[in-house]
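# Per-entry structural report
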Amino acid sequence: MYEKLEMLIDGEWCAGSDGKSEPVINPANEETLGTLPHASRSDLDRALAAAQRAFLSWSATSAFDRSTILRKAAELMRERSDQIATTLTLEEGKAFAEARVEVLSSADITDWYAEEGKRAYGRIIPSRAPGMRQMVLKEPVGPVAAFTPWNFPAVTPIRKMAGALAAGCSCIIKPSEETPGTCIALARCFQDAGLPKGVLNVVFGVPAEVSERVIASPIIRKISFTGSIAVGKHLLKLAAEGLKRTTMELGGHSPVIVFDDVDVDQVVKVVVAGKYRNAGQVCVSPTRFFVQDSKYPAFVKAFATAAKALKVGSGMEAGVQMGPLANARRLDAMAEFVADARDHGAKIETGGDRIGNSGFFFEPTVISDVPDDARIMYDEPFGPLAPITRFKSFDEVVTRANSLEYGLASYAFTTSEKTASAISDKLQTGMVAVNGLTVSTPETPFGGVKHSGHGSEGGVEGLEAYLNTKFVSQAH
Ligand code: NAD
């Protein structure tokens, strides 16, 4: 049922040459799912050489031929979606239905990039001098190194792999060692669709060792990373040494602003579903709830009731709405956030504790009257905790929402058109959703500002991230 764990180097599925490996754990029962090989230095060098070689031919392949392979890969992802989603749930924990949606979204992202790759348009700029043609050309940036985390084992790798491949780049990806099987399964779809050898390479290892070696190589021209701010800063320093282009998606702490003109029950239905998706381990998860005074008591009550009613269990069990946390580190972090909030005088409305002692389960938790100086209000919780606080005025809530260094996503709920446009103008984030939580689709740009990173994935910007701009002037 679980994926066979291998690396992909120069078109060959292989183990590491020095025999190092690590176990992959099922977070629902802490059993070992498989043994993941690590790349040795020479394996990484082989992957680099393959990416360099393959870049020459892949970048010279027409965008139409590249598109055919990507579309075939997307079809294979759909055909294999049940199997891939099973692997995803087993290694990450999220409910199977969510995992399946993630795999199908990955197919959609691949299709979208397959088409967008055909539209890497340049332009002709009228010249000042007669007999002179001025052209702007778009060219693939070169071999790409990608690093992805454990919370979306399909969508985060696919955004990088499909974007790079559609643009004509080769790629070395190091997915999370905690959730490797999903990316391996997606890479098999590309290989089985006819991707030439060496264009896509999948490696694993000690993250710091792999990134240091790969980023330092002069072969790599672009780094794309999704993960924590601390690691993002570290990789940016490594990239700076070689003046390499970067895309950094580094998490957020999304405010949800609920104005007093809304229907509380309607809003609660939407935000509770969003809050506990993937047990809150989502970079755009709604994480700081600001509710305008008069609606605050009703909102807290309805939120706690809905959170309490959620069915928590193994993601493979039918009807389960929230699975375990993905690793033991998150359990410890949740306990610390809850204890700190309590110490700051906040009230635990529901939840607050680990469930059982086998598997990394934590209760859907709602915390009210949370002061802004409680840790959970300034440190990304990345788990099933919903801190709720009240506000009085528009200006006050804007100041509080914008007070952190995070700037990924933000949300607002109001029935006033005027308030809707005013709040989306004021929020300092890369993405804003009003009256909903939709910020991620294949065709729209996904990315943050401030410490949440830079660059976008998806949308025309997602392809642009893998293209260089070349100006050519040609005299007749
Ligand atoms: P972490 O910072 O140790 O790891 C985050 C990811 O980066 C992991 O997938 C890891 O394999 C990778 N990584 C770590 N060091 C690396 C290196 N030197 N080179 C390349 N990759 C490296 O943290 P964690 O315990 O896995 O997660 C903790 C926090 O990270 C969360 O609380 C959350 O804030 C953030 N996070 C964000 C996202 C996101 O989608 N933006 C995803 C996962 C985690």
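Residues numbered from 1 in each chain as written. Predicted model: local features only at pLDDT ≥ 70, side-chain atom pairs only at ≥ 80, totals over all residues. Heavy atoms only, no water.

## Thoughts on the packing of aromatic side chains
Evaluated as defined, the whole model comprises 8 aromatic pairs. One aromatic cluster is present, formed by Tyr276, Phe289, Phe299 and Phe303 through successive ring pairs. Sitting over the face of the ring of Phe446, Arg159 holds its NZ or CZ atom 4.1 Å from the ring centroid. One Lys or Arg, Arg188, reaches over the ring of Trp13 and ends 4.3 Å from the middle of that ring. (Phe/Tyr/Trp six-rings, centres within 6.5 Å; stacked < 30°, edge-to-face > 60°. Lys NZ or Arg CZ within 6 Å of the ring centre and 35° of its normal.)

## Quick look at the state of the cysteines
Enumeration over the complete set of coordinates arrives at 0 disulfides. Cys171 takes part in no disulfide bond, and the closest cysteine sulfur, belonging to Cys183, lies 8.5 Å away. (Disulfide = S-S within 2.5 Å.)

## Details of the packing of helix H2 (residues 63-79) against helix H5 (residues 155-167)
H5 packs onto H2 with a crossing angle of 155 degrees between their chain directions and a minimal axis gap of 9 Å. The angle between H2 and H5 falls in the class roughly antiparallel. Note on packing geometry: the crossing formed by H2 with H5 is right-handed. Touching Arg66, Leu70 and Met77 of H2 are Ile158, Ala162, Leu165, Ala166 and Ala167, all from H5. A breakdown of the residues in the contact of H2 with H5 according to their chemical character gives 7 nonpolar, no polar and 1 charged. (Axes fitted to C-alpha atoms, helices over the stretch in contact; angles between N-to-C directions. Helix = DSSP H or I, 4+ residues; strand = E, 2+ residues; numbered from the N terminus. Parallel < 35°, antiparallel > 145°, perpendicular 65-115°, else oblique. Left-handed = near helix turned anticlockwise from the far one by under 90°. Contact = heavy atoms within 4.5 Å. Nonpolar A, V, L, I, M, F, W, Y, C, P; charged D, E, K, R; others polar.)

## A word on unusual backbone geometry
Phi at Asn278 is positive, roughly 50 degrees, even though this residue is not glycine. Looking at the element boundaries, Asn278 is found in the loop between helix H9 (264-275) and strand S13 (286-292). Taking the relative accessible area as the measure of exposure, Asn278 reaches 3% and is therefore buried. Even without being a glycine, Lys450 presents a positive backbone phi close to 55 degrees. With respect to the helices, strands and loops of the structure, Lys450 is situated in the loop between strand S18 (431-434) and strand S19 (453-454). (Buried < 20%, exposed > 50% of the residue type's maximum accessible area, 1.4 Å probe, protein only.)

## Things to note about the sheet that holds strand S14 (residues 347-350)
Within the open sheet, the 7 strands sit side by side as S14-S15-S16-S13-S12-S17-S18. Their pairing is mixed. Looking at which strands have only one partner, the edges of the open sheet turn out to be S14 and S18. The sheet shows a mean angle of 25 degrees between the axes of neighbouring strands, taken without regard to direction. Sheet topology note: the S14/strand S15 (residues 365-368) ladder contains 3 bridges and is antiparallel. Residue pairing for S15: Ile348 is matched across the bridge by Ile367. The strands touched by helix H11 (residues 328-343) are S14, S15 and strand S16 (385-391); relative to S16, the strand with the most contacts, the crossing angle is about 30 degrees. (Pairing = 2+ DSSP bridges.)

## With respect to the site of the ligand
Not every one of the 25 residues close to the ligand is listed here, only the nearest: Trp150, Ser211, Ser228, Arg329 and Glu380. Within the backbone of Gly251, a nitrogen or oxygen atom sits 3.2 Å from a nitrogen atom of the ligand. Here an oxygen atom of the ligand and a side-chain polar atom of Arg330 are 3.4 Å apart. In isolation the ligand has 800 Å² of accessible area, and contact with the protein removes 84% of it. Sorting the residues of the shell around the ligand by element identifies helix H7 (207-216), strand S10 (222-226), helix H8 (229-241) and H11 as the ones contributing at least two each. For the shell around the ligand, the per-class residue count stands at 11 nonpolar, 9 polar and 5 charged. Both domains that meet at the shell around the ligand, namely domain 1 (7-250 + 450-475) and domain 2 (254-434), each give it at least three residues. (Near = heavy atom within 4 Å. Polar contact = N/O pair within 3.5 Å; in protein donor to acceptor, adjacent residues only side chain to side chain. Areas by Shrake-Rupley, 256 points an atom, 1.4 Å probe, with all protein chains shown as cover. Domains from an automatic or database assignment.)

## Observations regarding the pairing of strand S3 (residues 21-25)
Inspection of the sheet shows S3 paired to strand S4 (residues 32-37) by 5 bridges, in the antiparallel sense. Counterpart to Ile25 in the pairing with S4 is Thr32. In this antiparallel pair of consecutive strands, S3 and S4, the connection spans 6 residues, and Glu30 shows a positive phi of 65 degrees.

## Re the nonpolar core
Judged by nonpolar contacts, the single largest core of 146 residues is most densely connected at Phe190, Ile257, Val284, Phe299 and Phe303. Residue contributions to this core peak at 8 residues, all from H5. Here this core gathers at least three residues from each of two domains, domain 1 (7-250 + 450-475) and domain 2 (254-434). The contacts of Phe190, once residues within four sequence positions are left out, are Ile69, Leu70, Ala73, Met77, Thr110, Ile158, Met161, Leu165, Leu195 and Leu200. (Core = buried A, V, L, I, M, F, W, Y, C linked by side-chain atoms within 4.5 Å.)

In short, geometric facts, not functional conclusions.
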